[in-house]
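Chain by chain, the residues run as shown.
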Number of protein chains: 2
Amino acid sequence: MERHTRRQSVWALTLLLAIPLQALAAEPLPSWNDGPVKQSIIDFVTRATTEGHPGYIPSEERIATFDNDGTLWQEQPVVQGAFLLEQVKARVREDASLAKRQPFKAVLEGDVALLSSMDEPQLMELFAATHGGKTQDEFAQEARAFFQSARHPKLGVPYTQLAYAPMLELLQYLRANGFQTWISSGGGTDFMRVVSEDTYGIPPQQVIGSDLKEKFDEGHGHPVLRREARVDHINDKAGKPVGIEQHIGRRPVFAAGNVRSGGDIQMLQYTKEQPRPGFALLIHHDDAGREFAYEEKNDASLKAAREGGWTVVSMRQDWKRVFPQEGR
Amino acid sequence: MERHTRRQSVWALTLLLAIPLQALAAEPLPSWNDGPVKQSIIDFVTRATTEGHPGYIPSEERIATFDNDGTLWQEQPVVQGAFLLEQVKARVREDASLAKRQPFKAVLEGDVALLSSMDEPQLMELFAATHGGKTQDEFAQEARAFFQSARHPKLGVPYTQLAYAPMLELLQYLRANGFQTWISSGGGTDFMRVVSEDTYGIPPQQVIGSDLKEKFDEGHGHPVLRREARVDHINDKAGKPVGIEQHIGRRPVFAAGNVRSGGDIQMLQYTKEQPRPGFALLIHHDDAGREFAYEEKNDASLKAAREGGWTVVSMRQDWKRVFPQEGR
């Protein structure tokens, strides 16, 4: 089963491996334009790894957490929304009467755009309705099949090819400097785990997301875990620092999020505001030409960034390329 | 703060380091007596690491989970029970009226033995009552102070010195063979995290335990996490596979637990009964001379071990020494 995902995402690994390590050491972050943003990242990492420097961080405390949707890969549409739409259609093919029942009806009448406009709690409720009772293995198989067949509606490529090249380099650069890289996202933990290792080099045990409750089922001597139709944890907004504490037990020293829903504000505050100043990176999607341009209703994330001294990334100005396939 | 624990537990690291790696490679598990139990562990690890063998396990799937109380260290009394007794006494010194209120009254009238006889859910309820509202940092400081000052009532040494030498060697042996070692215990996650790295070489992010709910508190620009007086997850019995899935997202291939409360049965079944047969280790405390001898009320763990083909450790027969300070 693992092999399918691996074959599919082999391009991503190839791209990562295509950058020789020496080249990265000589010139880190090649897909980032030179400027204050790139420089502030390099300065932080240099201080963190220089013994004797006041900004030195012992290796066991080098924890970096990344939001996923809109931070590591594109979120127009939210990938899990597209998956959910496929799942609902499949359920309706099995049982036509479902098309008249909520939440199936609303999803079928809308489209992936409607799903993308839903916030994470609403999405999780839909997941509970469509996935309750399935085993974890069954769910993972369905998610893998989706990543195999689905294509981005506008860009026409598999979703795993729409990770951001500059962020893949940043993950690699941090790891090369002794940081442990984690995902902390509002998306479903087990949905992301299916692709996190091949797409980002982040193993399943370093993925923190939203969860349904699960139940141990003895299964007549072949025990399995079943998903329940109840939300256990929403890893969004104030839930992000909580998820991080539960899974890691250490405060991150580096965190990255993006402008759209305000979902990363608390994680970035929690990372930045501590006795040892951490590094908070906020990505602003202002690149309608190469990706998408969108703002946040109340501008809360950019306001918090100004007040907290976070580093704001302009995709248009700070990124030399957005997606790996643009070439270098 | 980290430094205190480190100094206190320096003996443990010294002991681990005192065993040269070459010697371990030549003769692994020196504190285990030769016999079928030791041999079955070595055979499993040899198969798991031999490419081309049907029992070969890719390194990313080499996940090993260990119960803590009674499996990695002694549990007479349960260490967290002794901590809780100290906490209750401290609270009563601050406010004498508490001595008449439950659950404080029951704890004060009993002693550490009463706490040891409580099951994990009862202990977690007491923790909720005594620790609600505290920040995670305040809790960690109190736990560290306890490990500094407390001594085992019978053996007279700090609790961290009562980890089992054969199990420290087993952790080290598995890690040397590419296994990732995790704790999955009914005890409090954040209580164990204070000592897991120095005592077992297991970092906080690889500790799974029972949790209170936590809440993000903006703290006027200095955000903290506060413990709530509500249990979030009880990592015992059927809760263990659930905790493992939430934190790791992979089924372990090796798990260890012990006879006392039946709390490890489901974790061991979940590990042993899978397409690829995993390894299940169950420790039987039958050594009144060097440690303690006790059974389980209904004998469920030993019965499950016989039915499931688990490897049962007799501490008396299979361990050359129990605690590191017995010498080698």
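The rules behind the values
Residues numbered from 1 in each chain as written. Chains lettered and ligands numbered in written order. Predicted model: local features only at pLDDT ≥ 70, side-chain atom pairs only at ≥ 80, totals over all residues. Heavy atoms only, no water. Pairing = 2+ DSSP bridges. Helix = DSSP H or I, 4+ residues; strand = E, 2+ residues; numbered from the N terminus. Axes fitted to C-alpha atoms, helices over the stretch in contact; angles between N-to-C directions. Contact = heavy atoms within 4.5 Å. Buried < 20%, exposed > 50% of the residue type's maximum accessible area, 1.4 Å probe, protein only. Least-squares fit on C-alpha atoms with pLDDT ≥ 70 in both. Expected span 1.5 Å × (residues − 1). Arc of directions from axis to C-beta. Phe/Tyr/Trp six-rings, centres within 6.5 Å; stacked < 30°, edge-to-face > 60°. Buried area = accessible area lost by both parts, 1.4 Å probe. Salt bridge = Lys/Arg side-chain N within 4 Å of Asp/Glu carboxyl O. Polar contact = N/O pair within 3.5 Å; in protein donor to acceptor, adjacent residues only side chain to side chain.

A.B. asks: Can you explain the sheet that holds strand β4 (residues 224-233) of chain A? Please cite residues and give values.
C.D. replies: All names here are of chain A. The strand order across the open sheet built from seven strands is β4-β3-β2-β1-β5-β6-β7, with neighbouring strands paired in mixed fashion. Edge positions in the sheet fall to β4 and β7 (311-314), since each of these pairs with one other strand and no more. Recorded for the sheet is a direction-independent mean angle of 35° between the axes of neighbouring strands. As paired strands, strand β5 (residues 254-258) and strand β6 (residues 279-284) are joined by five bridges and run parallel to one another. Looking at the pairing, N258 lines up with I283 of β6. Along the sheet face, helix α13 (residues 265-272) touches β1 (63-66), β2 (180-188), β5 and β6 and points at about 155° away from the line of β5.

A.B. asks: Quick rundown of the pairing of strand β2 (residues 180-188) of chain B? Include the residues and the values.
C.D. replies: Moving residue by residue along a regular strand, the side chains alternate between the two faces of the sheet. All names here are of chain B. Burial analysis of β2 places eight of its nine residues in the buried class, which makes it a mostly covered element. Where strand β1 (residues 63-66) meets β2, four bridges bridge the pair, whose relative direction is parallel. What sits directly across from F66, in β2, is I183. Relative to strand β3 (residues 207-217), β2 runs parallel, the two being bridged by three bridges. Residue pairing across strands places S184 opposite I208, the latter belonging to β3.

A.B. asks: Quick rundown of the relation of the copies chain B and chain A? Include the residues and the values.
C.D. replies: It takes a turn of 180° to lay chain B on chain A, together with a shift of 0.0 Å along the axis; the resulting RMSD is 0.0 Å. This pairing of chains is accounted for by a two-fold axis. Distance from the rotation axis, computed per C-alpha, reaches its smallest value in chain B at B:H247: 3.2 Å. When the interface residues of chain B are mapped onto chain A, 100% of them are again interface residues, pointing to one common binding face.

A.B. asks: Let's hear about helix α4 (residues 36-48) of chain B: which residues, and what values?
C.D. replies: Residues and elements named next belong to chain B. The end-to-end C-alpha distance of α4, which contains 13 residues, comes to 18 Å, matching closely the 18 Å that a straight helix rising 1.5 Å per residue would cover. All of the buried residues along α4 are V37, K38, I41, I42, F44, V45 and A48. Along α4, the residues classed as buried sweep out an arc of 160° about the axis, all on the same side. The inward-facing, buried residues of α4 abut α10 (165-176), β5 (254-258), β6 (279-284), β7 (311-314) and α15 (315-318).

A.B. asks: Any chance you could break down the packing of aromatic side chains for me, citing the residues and the numbers?
C.D. replies: Residues and elements named next belong to chain B. Taken as a whole and judged by the stated rule, the model has 36 aromatic pairs over all chains. Summarising the aromatic geometry, the rings of W73 and F147 are spaced 6.1 Å apart at their centres and angled 40° between planes, so their arrangement reads as tilted. With a gap of 74 residues between them, W73 in the loop between β1 and α5 (79-94) and F147 in helix α9 (residues 136-149) connect regions that are remote in the sequence. Comparing W73 with F147 shows no difference in burial state: the two are buried. Between F83 and F139, the aromatic rings sit 5.9 Å apart at their centres with planes inclined by 85°, giving edge-to-face as the arrangement. Separated by 56 residues along the polypeptide, F83 in helix α5 and F139 in helix α9 bring together distant segments of the chain.

A.B. asks: Outline the interface of chain B and chain A, supporting the account with residue identities and numerical values.
C.D. replies: Counting residues at the interface gives 33 residues for chain B and 33 residues for chain A. A buried area of about 3100 Å², summed over both sides, lies between chain B and chain A, and 47% of it is on carbon and sulfur atoms. Of all residues in chain B, B:Q205, B:F216 and B:Q246 bury the most surface against chain A, accounting for 21% of the area lost on that side. Where chain B meets chain A, there are two salt bridges. In this structure, the salt-bridge partner of A:E197 is B:R250, at a minimum N-O distance of 3.1 Å. The interface formed by chain B and chain A includes 16 residue pairs in polar contact (both at pLDDT 80 or more). Put simply, the parts of the chain that give the side of chain B that touches chain A at least two residues each are α1 (2-8), β2, α11 (189-200), β3, β4 (224-233), α12 (239-247) and α13 (265-272) of chain B.

A.B. asks: Explain unusual backbone geometry to me, using residue names and the numbers behind them.
C.D. replies: What you tend to see is this: most non-glycine residues have negative phi, and most peptide bonds are trans. Backbone torsion omega between A:Q76 and A:P77 reads 10°, so that peptide bond is classified as cis. For A:P77, the position within the fold is in the loop between β1 and α5 (79-94). Its identity is not glycine, yet B:K237 carries a phi of approximately 50°, on the positive side. Structurally, B:K237 can be placed in the loop between β4 and α12. At B:D299, a residue that is not glycine, the phi angle is positive and equals roughly 60°. Relative to the assigned elements, B:D299 resides in the loop between β6 and α14 (300-308). What makes B:D299 partly exposed here is its relative accessible area of 32%.

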